[in-house]
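What follows is the residue order along each chain.
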Amino acid sequence: MADESFVTLATNDSYVKGALVLGSSLRDSRTTRRLTVLITPHVSNPMRQVLEKVFDEVKLVDVLDSGDSAHLALLKRPELGVTLTKLHCWGLTHYSKCVFMDADTMVLSNIDELFEREELSAAPDPGWPDCFNSGVFVFRPSIETFNQLLQLATEKGSFDGGDQGLLNTFFSSWSTTDISKHLPFIYNLSSISIYSYLPAFKAFGTNAKVVHFLGRMKPWNYSYDSKTKTVKDDAHDPTMVHPEFLDMWWNIFITNILPLLQQHGAIKDTATGVKAEEVAEAVSHLSLSSPAQASSPPPAMSSEERKERWEQGQADYMGADSFDNIQKKLDTYLQ
Ligand code: UDP
Ligand code: MN
């Protein structure tokens, strides 16, 4: 199985946290495939060392410095930065087949059976189910495909500004041709769907194999209480009806990842000499997730940007577009 790999991407230290939890969850699932992570130069050295512990291959891709057609495409379409980086997964030609997974996904059980599927297999997007969601997809590395994708990116751009729009335009027959390329939704269960179709989640949620923390609030943006082993619902978030996946993410982070980060000096040792649990507690408060000092608060968005994302089906159900906020807005109109 040395020629097949799971692949993820992290362009900064925040997304590295996600990649590490994903990698760790894949190891826990006893996958027989290799684990590869693409990183960019912004990822810090200690974080790279920790990635080396969890992944078989840590590959640096630098679109800005590549001097190839990807760089040329970026000059014409600067808005496609992360998208073009993600396309580099097609350059992993020492593998015959790969499964790409966003760094904000986590596996709940072994999913090696995905390697029996063909390019391009993916699950429907919850916002527009005739499009596939590009958080989990099966692909075959190929320089030819990579170049064709770049050409499309340069000539037409992406209808949603990201990789999902571009890939759906490129693999446009996905919705109508081969049903075996439609992955069941349980391979890419977005947290948004739990909220928007709770009865379905209650009926089928126990079969979930991959959870995708799609949207602006990522697991590493929440606070975690390591005593109760639960994520804190500071904002009284109405979408947190089933926070158990967030709690699982944090549990993997505290148990498997935090010790590695401490070992490699990837986090400041704010509590030298105290028990590991206390360090975990301190860390989850101080440097990782306190809303006041979060290392990576979700970027502030203009109302114009928010409207655009809403129109793209990417409502921020966990934050600005939460039910509470919508109700407040409606109340102001009624008054
Ligand atoms: N990503 C990254 N750095 C960024 C944004 C995205 O490395 O600043 C990668 C990461 O693997 C992430 C994927 O691109 O999971 C897609 O972005 P995201 O998951 O934030 O989008 P969503 O699934 O919420 O639409
Ligand atoms: Mn994602």
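Residues numbered from 1 in each chain as written. Chains lettered and ligands numbered in written order. Predicted model: local features only at pLDDT ≥ 70, side-chain atom pairs only at ≥ 80, totals over all residues. Heavy atoms only, no water.

### Considerations on the overall build of the protein chain
Thought 1: Looking only at helices and strands, one finds 12 helices and 11 strands in the protein chain.
Thought 2: When burial is assessed residue by residue, the protein chain has 49% of its 335 residues classed as buried.
Thought 3: In the protein chain, the proportion of contacts linking residues at least 24 apart, taken out of those at least 6 apart, comes to 70%. (Helix = DSSP H or I, 4+ residues; strand = E, 2+ residues; numbered from the N terminus. Buried < 20%, exposed > 50% of the residue type's maximum accessible area, 1.4 Å probe, protein only. Contact = heavy atoms within 4.5 Å.)

### Details of the nonpolar core
One broad rule of soluble globular proteins: the nonpolar side chains tend to lie buried together.
Thought 1: Counting residues in hydrophobic clusters, the biggest one holds 55 residues, and the most contacted among them are L51, M101 and F253.
Thought 2: Considering every element that reaches this core, the biggest residue donor is helix α9 (residues 244–263), with 11 residues.
Thought 3: Sequence-distant contacts of L51, that is, excluding residues within four places in its chain, are made with V16, A19, L20, V37, I39, V43 and V58.
Thought 4: A73, W90, L149 and L150 belong to the second-largest nonpolar core, a separate cluster that totals 31 residues. (Core = buried A, V, L, I, M, F, W, Y, C linked by side-chain atoms within 4.5 Å.)

### Quick look at the coordination of the manganese ion (ligand 2)
Thought 1: Coordination of the manganese ion (ligand 2) by the protein comes from D102 (OD), D104 (OD), D104 (OD) and H212 (NE2), over a distance range of 2.2 to 2.4 Å.
Thought 2: Around the manganese ion (ligand 2) sit six donor atoms; with metal-centred angles ranging over 56 to 171°, the donor geometry is irregular.
Thought 3: In primary sequence terms, the donor set of the manganese ion (ligand 2) follows D-x1-D-x107-H. Of the two residues, D102 and D104, neither departs from the other in class, the shared state being buried. (Donors = N, O, S within 2.8 Å, 3.2 Å for Na, K, Ca; no water. Tetrahedral: all angles 85-135°; square planar, octahedral: opposite > 155°, others 65-115°.)

### Thoughts on the sheet that holds strand β1 (residues 4–10)
Thought 1: Read across the sheet, six strands follow the order β3-β2-β1-β4-β7-β6 without closing on themselves; strand pairing throughout is mixed. Of all strands in the sheet, those bounded by a partner on one side alone are β3 (57–60) and β6 (121–124). Taken over all neighbouring pairs, the strand axes of this sheet differ in orientation by 25° on average, direction set aside.
Thought 2: As defined by bridge partners, β1 adjoins strand β2 (residues 34–39) across six bridges and the pair is classed as parallel. When the sheet's bridge partners are listed, S5 is paired in β2 with R34.
Thought 3: Most of the contacts of helix α2 (residues 45–54) go to β2, to which it runs at about 160°, and overall it touches β2 and β3. (Pairing = 2+ DSSP bridges. Axes fitted to C-alpha atoms, helices over the stretch in contact; angles between N-to-C directions.)

### Some words on the pattern of salt bridges
Close approach of charged atoms allows side chains with opposite charge to pair.
Thought 1: In total, this model carries nine salt bridges according to the counting rule given.
Thought 2: For D56, the salt bridge goes to R27, with nearest N and O atoms at 3.3 Å. Within this pair, whereas D56 is found in the loop between α2 and β3, its partner R27 is found in helix α1 (residues 13–28), the two being separated by 29 residues in sequence.
Thought 3: Residue classification places D56 among the partly exposed residues on the basis of a relative accessible area of 36%.
Thought 4: The partner of K209 in a salt bridge is E113, and the shortest N-O contact between them spans 3.1 Å. Here the residue K209 occupies a position in the loop between α8 (198–204) and β9 (210–212), and E113 occupies one in the loop between β5 (105–107) and β6, the gap between them amounting to 96 residues.
Thought 5: Residue classification places E113 among the partly exposed positions, given a relative accessible area of 26%.
Thought 6: A cluster of three or more residues bridged by salt bridges with shared partners is formed by E4, R33 and D112. (Salt bridge = Lys/Arg side-chain N within 4 Å of Asp/Glu carboxyl O.)

### Here's the deal with the pairing of β1
Thought 1: Most of β1 sits out of view: seven of its seven residues are buried.
Thought 2: As defined by bridge partners, β1 adjoins strand β4 (residues 97–101) across four bridges and the pair is classed as parallel. Bridging from a neighbouring strand, F6 pairs with V99 of β4.
Thought 3: For the handedness criterion, the β-α-β arrangement of β1, α1 and β2 is classed as right-handed. (Right-handed = clockwise from strand over helix to strand, strands pointing away.)

### Looking at the sheet that holds β5
Thought 1: Strand order in the open sheet made by the three strands is β5-β9-β8, with mixed pairing throughout. Here the strands that pair on one side only, and so sit at the sheet edges, are β5 and β8 (189–190).
Thought 2: Where β5 meets β9, three bridges bridge the pair, whose relative direction is antiparallel. For V107, the partnering residue across the bridge sits in β9 and is V210.
Thought 3: Each of β5, β8 and β9 touches α9; the most contacted strand, β5, lies at about 80° to it.

### Some words on the site of ligand 1
Thought 1: Around ligand 1, the structure places 13 residues, and the nearest of them are L9, T11, Y15, G215 and K218.
Thought 2: Contact between ligand 1 and D102: an oxygen atom at 3.2 Å from a side-chain N or O atom of the residue.
Thought 3: G215 is positioned such that a nitrogen or oxygen atom in its backbone is 2.9 Å from an oxygen atom of ligand 1.
Thought 4: For ligand 1, whose accessible area on its own is 510 Å², the fraction buried by protein is 81%.
Thought 5: Considering only residue class, the shell around ligand 1 consists of six nonpolar, four polar and three charged. (Near = heavy atom within 4 Å. Polar contact = N/O pair within 3.5 Å; in protein donor to acceptor, adjacent residues only side chain to side chain. Areas by Shrake-Rupley, 256 points an atom, 1.4 Å probe, with all protein chains shown as cover. Nonpolar A, V, L, I, M, F, W, Y, C, P; charged D, E, K, R; others polar.)

### Topic: the environment of T31
Thought 1: Along the chain, the position of T31 falls in the loop between α1 and β2.
Thought 2: Along the backbone, T31 and F6 are 25 residues apart, and their C-alpha atoms lie at a distance of 9.4 Å.
Thought 3: Once residues lying within four places of it in the same chain are set aside, the contact partners of T31 are F6, L26, N110 and D112.

### Thoughts on unusual backbone geometry
Thought 1: For the bond running from E119 to L120, omega is -15°, close enough to zero to count as cis.
Thought 2: Summarising the element assignment, L120 is placed in the loop between β5 and β6.
Thought 3: Although it is not a glycine, R30 sits at a positive phi angle of roughly 55°.
Thought 4: Relative to the assigned elements, R30 resides in the loop between α1 and β2.
Thought 5: By relative accessible area, which is 70% here, R30 ends up exposed.
Thought 6: Located in the positive-phi region is K229, a residue other than glycine, with phi close to 55°.

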